[in-house]
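Inside the fold
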Amino acid sequence: MLEKQMKSKILVINGPNLNLLGRREPEIYGAATLETIIKNMQDKAAELNLELDTFQSNHEGVIVDAIQEATKNNYAFIIINPGAFSHYSIAIRDAIAAIPIPVIEVHLSNIFRREHFRSNSVIAPVSIGQIVGFKAEGYILALEAAYRILNNKE
Ligand code: DQA
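Quick caveat: nothing in here was measured; it's all calculated off a predicted structure.

Basis of the calculations
- Residues numbered from 1 in each chain as written.
- Predicted model: local features only at pLDDT ≥ 70, side-chain atom pairs only at ≥ 80, totals over all residues.
- Heavy atoms only, no water.
- Phe/Tyr/Trp six-rings, centres within 6.5 Å; stacked < 30°, edge-to-face > 60°.
- Buried < 20%, exposed > 50% of the residue type's maximum accessible area, 1.4 Å probe, protein only.
- Lys NZ or Arg CZ within 6 Å of the ring centre and 35° of its normal.
- Pairing = 2+ DSSP bridges.
- Helix = DSSP H or I, 4+ residues; strand = E, 2+ residues; numbered from the N terminus.
- Axes fitted to C-alpha atoms, helices over the stretch in contact; angles between N-to-C directions.
- Contact = heavy atoms within 4.5 Å.
- Core = buried A, V, L, I, M, F, W, Y, C linked by side-chain atoms within 4.5 Å.

What follows is about the packing of aromatic side chains. A complete count under the given rule lists one aromatic pair for this structure. Look at F85 and Y88: their rings are 5.9 Å apart centre to centre, the planes differ by 70°, and that puts the pair in the edge-to-face class. On the accessibility criterion, F85 (8% relative accessible area) is buried. Look at Y88 and you get exposed, because its relative accessible area is 52%. Residue placement shows K9 over the ring face of Y75; its charged tip is 4.7 Å from the ring centre.

What follows concerns the sheet that holds strand β2 (residues 50-56). Taken in spatial order, the five strands of this open sheet run β2-β1-β3-β4-β5, and their pairing is parallel. Looking at which strands have only one partner, the edges of the open sheet turn out to be β2 and β5 (129-132). For this sheet, the mean angle separating the axes of adjacent strands, direction not counted, is 20°. On top of the sheet, helix α2 (residues 34-47) reaches β1 (8-14), β2 and β3 (75-81); it is set at about 165° to β2, its chief contact. Here helix α5 (residues 137-150) sits on the sheet and contacts β1, β2, β3, β4 (103-107) and β5; the angle it forms with β3, its principal contact strand, is near 155°.

Turning to the nonpolar core, a few remarks are in order. The biggest cluster of nonpolar side chains holds 24 residues, and the ones touching the most others in it are I10, M41, I79, I104 and L143. Elements that contribute at least two residues to this core include exactly β1, α2, β2, β3, β4 and α5. Every residue in contact with I104, bar those within four places of it in the chain, is listed here: F77, I78, I79, I80, I128, G129, I131, A142, A145 and A146. Judged by nonpolar contacts, the second largest core, of 18 residues, contains L11, V64, I92 and I101.

Purely geometric numbers; function is a separate question.
Below, the structure is given as structure tokens:
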């Protein structure tokens, strides 16, 4: 008898102001709401046989807590858009550095062609990679990247 294969679990974290997607500067971040983005990710996860947990917070400490908790919950990957925290939160960076779970950083906009202060991410050095500038599609690309790495297809 074939053993039932355990689904790999992925945690998706969205940081401050991303709850406003859809009405927040759509010319920069696209028209998709966070709800739509998560729904599309859930559909893709089902296709790839991955389990997805998602949450959004405007609070740095809540995100740090979630990253610390992630190790207890056996996540295979974290996909994070830290929003503005990307540019200055050493606390989130240190939390990522403290855990063994690989992290993919996502940005809807291309942070390298905007204001200068956005071109530095303190999260990038503790992530395995960054996906920037593809708007909502970036989250799907991140999920595919996680799937490919987990299945040694990269
Ligand atoms: C963002 C880019 C950040 O500079 C900004 O503060 C955000 C969104 C993005 O997804 O493009 O909140 O992370």
